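What the coordinates show
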Amino acid sequence: MALTRGLDGEVTEEEARARTRQVEEARAGALVLAAQREGREAEAAREAEVDRAVARVVGLCSGVEEVGATLAFTFWGEEGALTLVGYREEGGGERAGRPLETEGLGRTLRHVFGEYVGRRTGEMVLTLRREEVRWAVDYAATRLSSRPTEARMLPVGTKGTPANTFLTLHETARERLRAMQVPTGGATQVVLEVRLEDSRLVGWELLEVRRSREGPGGGPRPLSPEGAGHLVSVLLPFTEGLGPRTVHVVLRAEHRLGEAEARGRVESARVERSPAALAYEPSWYRSMHEAILLRWREGVVEGSAWLAQKGVEEAAVWFVGGILAKGAGFFATKGLEWVPRALRREPEVAAGWLRTAVKRLSGEEKEAFEQLWRKVALDGEHALSHAERETLRGLFVRIEQAIQQLLGDTQKKSLRKEARKYYAELYPRFAEVLQKRSRALPIHHRRQLEHAHLFPDEDINAGENLAMVQLHVHNEINFLWGRFRQARPNPTADEVRRAAEVIDRNFEPWYHRVDDPPGLSKTVEESREAALRELRDRLIGFE
């Protein structure tokens, strides 16, 4: 579309998009703020975050006996949220130290997490060294680094790990490591990748198993349950991150002569981000997803009730981000063309399109779409039954069909109402006058609602398609569109586009204005006649 005038001069498409981004940021920010404050105690959530971190670090230290052994934890801290991004353990030798009490270690760690890490933003490495009678604790900020995609900004107020997360990891580790064999008196190194999405385990792949030390001979020994348990203890803190990522794990299993089973310890674990997560990194989606997921993690009943209020129209960017990240399988559904094309645009553009697209569904269809997609986003696609998966595929097809159909009167009325509300958000300086002079200042759709079905992958209520005009100006514009519809009762998209360009060119001086612009060379009536002449010249048969 051409540029428009008014306000403080010309408004280009780029400026209109910038306003759209600002509105989406404000909406996302309001949702994040509500999730952080609504029914929650921020300080209590920070304390719970510290409690979990202390408990997990102390738990991993409890099984280390060798003097000189070191454990290094790399955290990203932000707004009191602690996200583990790396872990490493190095042995110190054969000599075991004396049994240690953990109360003193817990106090030290509580101070570190609560006062140092929890009040700063950035990456921090916590290093613990096993001494004869205590653990020596050191911590330091690393070099400046970019924020990891999985890092959280909102502390979670739960005290422990969700039972489902623990049980899934425990059962998977026990099953996958059951067949692992270690040579008698020898050692084996295992490299594996654990794929996570939010707190869910979505995949587990054994990459390599190799003997790092041969033994004196004899039958191979299985890995002890304690070894699998240690692996689970290392992985649990990684499940608190966000989005899709892979945890690369190196586990060392060693058999000591005279023992029935091999011991296992994780040597290292680090997060590897998926290319998809790195390629698609809209901050709004991440922030909104974390806010919604936060309520889910802090209590399914409360979380789901709060989440149920957040439909497509309020949380469109979150829905769009989730569809982009997880919707490849649904986009492969036969009959989809315009839906994937629309949703793969910039997040703020796709969000606006989705808001107007779902308005064309029935109330039951819209509710079903929101419920099923929330389930995919929060529990994973595997949580859908076969019937639910087919229903969701069918709803994507239904949207595809609906956006290519003529709008009904009720739908147009709803879209006009939303356009007026949205325009006031885009141009807050006009919000008061729009409310006071509602009938005198209509919002003009530059491409008409009557022709929205000819542009199925575009948002008819997009900022660049809206312009406030005076009523008498709108009447002249509507007269021209009425003549166009008479001449072209079944127009093509190109004909509508050319007609809109002609009308814009002649009426842009009145766009985004509450009064007549000064210094005009033509009146509104003269602009109407000029537009008529252009339409006759450009559209064959137009009278």
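Residues numbered from 1 in each chain as written. Predicted model: local features only at pLDDT ≥ 70, side-chain atom pairs only at ≥ 80, totals over all residues. Heavy atoms only, no water.

Here we look at the overall build of the chain
Broken down by element type, the chain carries 19 helices and 14 strands. Taken along the three principal axes of its C-alpha coordinates, the chain extends 100 × 45 × 40 Å. For the chain, the proportion of its 543 residues judged to be buried stands at 51%. A sequence separation of at least 24 residues applies to 75% of the contacts in the chain between residues at least 6 apart. (Helix = DSSP H or I, 4+ residues; strand = E, 2+ residues; numbered from the N terminus. Buried < 20%, exposed > 50% of the residue type's maximum accessible area, 1.4 Å probe, protein only. Contact = heavy atoms within 4.5 Å.)

Description of the confidence of the model for the chain
With 92% of its residues at a pLDDT of 70 or more, the chain shows a mean pLDDT of 87. Predicted confidence in the chain is weakest over strand S1 (residues 4–6), with a mean pLDDT of 45, and strongest over strand S13 (residues 443–445), with 97. Confidence drops under pLDDT 50 across residues 1–9; counting only partners more than four residues distant or on other chains, this segment forms 31 contacts. (pLDDT = per-residue confidence, 0-100.)

Brief notes about the sheet that holds strand S9 (residues 200–213)
One key point about sheets: their strands pair by backbone hydrogen bonds, in either a parallel or an antiparallel sense. Spatial strand order, S6-S5-S3-S4-S12-S11-S8-S9: eight strands in an open sheet with antiparallel pairing. With partners counted over all chains shown, the strands left at the sheet margins are strand S6 (135–141) and S9, one partner each. Each adjacent strand pair in this sheet contributes to an overall mean axis angle of 20°, direction not counted. Strand direction decides the pairing type here: strand S8 (residues 187–197) and strand S11 (residues 244–254), joined by eleven bridges, are antiparallel. Across the sheet, threonine 188 pairs through a bridge with alanine 253, a residue of S11. Where helix H2 (residues 42–61) meets the sheet, its contacts fall on strand S3 (70–78), strand S4 (81–90), strand S5 (122–130), S6 and strand S12 (263–273), and the angle it forms with S3 comes to roughly 165°. (Pairing = 2+ DSSP bridges. Axes fitted to C-alpha atoms, helices over the stretch in contact; angles between N-to-C directions.)

Let's talk about helix H15 (residues 409–426)
Between its first and last C-alpha atoms H15 spans 25 Å; for 18 residues at 1.5 Å apiece the expected length is 26 Å, and the two agree. Considered for burial, the residues of H15 that qualify are Lys412, Leu415, Ala419, Tyr422, Tyr423 and Leu426. Along the axis of H15, the buried positions cluster into a sector of 100°, meaning they face one direction only. For H15, the exposed residues set more than 90 degrees away from the buried face come down to Thr410, Lys413, Lys417 and Lys421. (Expected span 1.5 Å × (residues − 1). Arc of directions from axis to C-beta.)

Comments concerning the packing of helix H1 (residues 13–37) against H15
Running from amino to carboxyl end, H1 crosses H15 at an angle of 95°, the nearest separation of the two axes being 9 Å. Classed by the angle they form, the pair H1 and H15 counts as roughly perpendicular. Listed contacts from H15 to Arg19, Thr20, Val23 and Arg27 of H1 are Tyr422, Glu425 and Leu426. Here the contact of H1 with H15 is composed, by residue class, of three nonpolar, one polar and three charged. (Parallel < 35°, antiparallel > 145°, perpendicular 65-115°, else oblique. Nonpolar A, V, L, I, M, F, W, Y, C, P; charged D, E, K, R; others polar.)

Observations concerning the side chain of arginine 488
Positionally, arginine 488 belongs in the loop between helix H17 (471–487) and helix H18 (493–507). A relative accessible area of 14% places arginine 488 in the buried class. Here the side chain of arginine 488 touches glutamate 495 through a polar contact of 2.9 Å, side chain to side chain. (Polar contact = N/O pair within 3.5 Å; in protein donor to acceptor, adjacent residues only side chain to side chain.)

A short note on the layout of surface pockets
Remark: the empty space left among the atoms is shown by a probe the size of a water molecule rolled over them. Of the pockets and cavities examined, the largest pocket occupies roughly 800 Å³. In terms of lining residues, the largest pocket is bounded by 30 residues, among which Glu66, Glu89, Arg256, Arg263 and Arg265 are the most central. For the lining of the largest pocket, the secondary-structure elements that each account for two or more residues are H2, S4, helix H5 (225–235), S11 and S12. A total of five residues in the lining of the largest pocket trace back to one element, the largest contributor, which is S12. Partitioning the lining of the largest pocket into residue classes produces five nonpolar, ten polar and 15 charged. (1 Å grid on protein atoms, 1.4 Å probe; cavity = no way out; pocket = protein on both sides within 12 Å on 5 of 7 lines; lining within 4 Å. Points joined across faces, edges and corners; volume = space filled by probe spheres on them.)

A look at the packing of aromatic side chains
Going through the model one piece at a time under the given rule, you end up with ten aromatic pairs. Note on phenylalanine 73 and phenylalanine 75: the rings are 6.4 Å apart at their centroids and 20° apart in plane angle, and the pair reads as stacked. Exposure class is identical for phenylalanine 73 and phenylalanine 75. Each is buried. Clustering of aromatic rings is evident, with ring pairs tying together Phe73, Phe75, Tyr87 and Phe113. The cationic tip of arginine 447 hangs over the ring face of phenylalanine 455; the distance from NZ or CZ to the ring centre is 4.7 Å. Positioned above the aromatic ring of phenylalanine 479, the side-chain terminus of arginine 528 is 5.5 Å from the ring centre. (Phe/Tyr/Trp six-rings, centres within 6.5 Å; stacked < 30°, edge-to-face > 60°. Lys NZ or Arg CZ within 6 Å of the ring centre and 35° of its normal.)

Remarks on the pairing of S4
With eight of ten residues buried, S4 lies mostly within the body of the structure. Linkage of S3 to S4, two consecutive antiparallel strands, is achieved through a turn of two residues, within which glutamate 79 is found at a positive phi near 55°. Note that S4 and S12 share three bridges and pair antiparallel. Among the inter-strand pairings, tyrosine 87 is bridged to a residue of S12, identified as alanine 269.

What to know about the environment of methionine 180
Inspection of the secondary structure assignment puts methionine 180 in the loop between helix H4 (163–177) and strand S7 (181–182). Residue classification places methionine 180 among the buried positions, given a relative accessible area of 7%. Expressed as a C-alpha distance, the spacing of methionine 180 and proline 222, which sit 42 residues apart in the sequence, is 6.0 Å. When residues no more than four places from it in sequence are discounted, the contact partners of methionine 180 are Thr188, Val190, Arg221, Pro222, Leu223, Leu251 and Ala253.

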